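Structure at a glance
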Amino acid sequence: MSRERATALLVDFDGVLRRWDPEVVAGVERRYGLAEGALLETAMQWGRLQPALTGQVSHADWMAGVVDALAEPAGGAERARAAVDEWQRYRGEVDADVLGFVREARAGGIRVGLATNATDLLDDDLAAFGLAGEFDAVVNSYRLGVNKPAKEYFRAACQAVATPPDRVLFVDDEDWSVRGARAAGLSAHRWTGAADLRYLRAALAY
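Residues numbered from 1 in each chain as written. Predicted model: local features only at pLDDT ≥ 70, side-chain atom pairs only at ≥ 80, totals over all residues. Heavy atoms only, no water.

Right, let's talk about the packing of aromatic side chains for a bit. Inspection of every chain in the model, using the stated rule, returns three aromatic pairs. Ring geometry for Y153 versus F154: centroids 5.6 Å apart, planes at 85 degrees, classification edge-to-face. Classification of F154 by relative accessible area gives buried; the value is 1%. Taking 5.1 Å as the distance between ring centres and 80 degrees as the angle between the ring planes, the aromatic pair formed by F154 and F170 counts as edge-to-face. Here the residue F154 occupies a position in helix α9 (residues 151-160), and F170 occupies one in strand β6 (residues 168-172), the gap between them amounting to 16 residues. Like F154, the residue F170 is buried in the burial classification. Counting every residue linked through ring pairs, the aromatic cluster contains Y153, F154 and F170. (Phe/Tyr/Trp six-rings, centres within 6.5 Å; stacked < 30°, edge-to-face > 60°. Buried < 20%, exposed > 50% of the residue type's maximum accessible area, 1.4 Å probe, protein only. Helix = DSSP H or I, 4+ residues; strand = E, 2+ residues; numbered from the N terminus.)

So, on to the sheet that holds β6. Here five strands make up an open sheet; going across it, the order is β5-β4-β1-β6-β7 and the pairing parallel. The sheet is open, and its two borders are formed by β5 (137-140) and β7 (187-190), each paired with just one other strand. Sheet twist, expressed as the mean angle between neighbouring strand axes with direction ignored, is 20 degrees. Across four bridges, strand β1 (residues 8-11) lies against strand β4 (residues 111-116) in parallel orientation. Looking across to β4, one finds that L9 is bridged to V112. (Pairing = 2+ DSSP bridges. Axes fitted to C-alpha atoms, helices over the stretch in contact; angles between N-to-C directions.)

Counting residues in each nonpolar core, the largest one holds 25 residues, and the members touching the most others are L9, L17 and V112. Where this core is concerned, the elements lending two or more residues are β1, α6 (96-107), β4, α7 (122-129), β6 and α11 (197-204). Per-element tally for this core: the top contributor is α6, with five residues. Ignoring sequence-local partners within four residues, the contact set of V112 consists of L9, V11, V102, A105, R106, F135, D136, A137 and V161. Listed in part, the 20 residues of the second largest apolar core include V25, V28, W62 and V66. (Core = buried A, V, L, I, M, F, W, Y, C linked by side-chain atoms within 4.5 Å. Contact = heavy atoms within 4.5 Å.)

Counting across every chain of the model gives 14 salt bridges. We note a salt bridge from E86 to R31, for which the minimum N-O separation is 2.5 Å. A residue pair is termed long-range when its members are at least 10 positions apart, and E86 in helix α5 (residues 77-89) and R31 in helix α1 (residues 22-31) qualify at 55 residues. Its salt-bridge partner being R201, residue E104 comes within 2.8 Å of it at the nearest N-O pair. Note that E104 is positioned in helix α6 and R201 in helix α11, a separation of 97 residues in sequence. E104 sits in the partly exposed class, given a relative accessible area of 33%. Because the salt bridges share partners, they merge into one network encompassing D14, R18, R91 and D125. (Salt bridge = Lys/Arg side-chain N within 4 Å of Asp/Glu carboxyl O.)

Our focus in this paragraph is the pairing of β4. Across the six residues of β4, five count as buried, placing the element largely inside the fold. Of the strand pairs in this sheet, β4 and β5 are connected by four bridges, and their pairing is parallel. Along β5, the bridge assignment pairs L114 with V138. The β-α-β motif built from β4, the intervening α7 and the parallel element β5 has right-handed crossover chirality. (Right-handed = clockwise from strand over helix to strand, strands pointing away.)

Packed helices, taken two at a time, are described by the angle their axes make and the gap between the axes. Between α1 and α5, the shortest axis-to-axis distance is 10 Å and the interhelical angle comes to 165 degrees. Taken together, the axes of α1 and α5 lie roughly antiparallel to each other. Helix-helix and strand crossings are classified by hand; for α1 and α5 the assignment is right-handed. Across the interface between the two elements, V25, V28 and R31 from α1 touch R79, A83, E86 and W87 from α5. Of the residues contributing to the contact of α1 with α5, the split by class is four nonpolar, no polar and three charged. (Parallel < 35°, antiparallel > 145°, perpendicular 65-115°, else oblique. Left-handed = near helix turned anticlockwise from the far one by under 90°. Nonpolar A, V, L, I, M, F, W, Y, C, P; charged D, E, K, R; others polar.)

If you want it as C-alpha cells, here you go:
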C-alpha cells in the first residue's frame, strides 16, 4: 500500500540548515597546539555531550568540561579556555538553499519544524541568525529531556507540528537519526547536500 504524501516537514539544524567550516576549528587547534580534531572529539564524547543535549547541564557547563579535558594538551587551563572560547565564537553559517526550501514549503501550506539535538544555546543561535520566526515549531532535545533518535523525541516532534507520524517527512544528515525516525513511523531522508532538494520538493509537492 502506498504511503500518503507528507503534509509536514521536520528539518535538522546542524549539518542541514547550519553548516560549519572545518578550517575554522582547525585554525584554532593549530594556534593553541592542539591535535587535529581535538576540540570536536573531546566535545562530542557521548558521556560529556549527552547531558548537554538532554537538559542535565548547560552549554556553558559542557564547554567547561571540554576546557578541563584539554588543559594538559593545550598547555594549561587558561590556554584551553582561550581555545574553547575562540572556537565557540564561531557559530557556523546558514545554508541559504535549505532556508529557501523551508520558506517555500511553509508558503505552500506545509508545516515545518526544526528538529534538533541541541543545548540551551539554540534560541540564542536562532535569534543571531534571524531564524526565530522561520518555523512552525522548534523541537530542541534540551527542552524535551530526550534526544534523537529516541521514539519519544519523534513522537514529541510530530505533536509539535500537529501531524501524525505517517504524514511527516524528516530530513537529517545522520543515518542513525534517519533510522530512528523511520522506526517511529515517519518518512525520512538522509541529507547529502543541495542536490537533495529536488527530491524533497517532489516528495512534498507543495
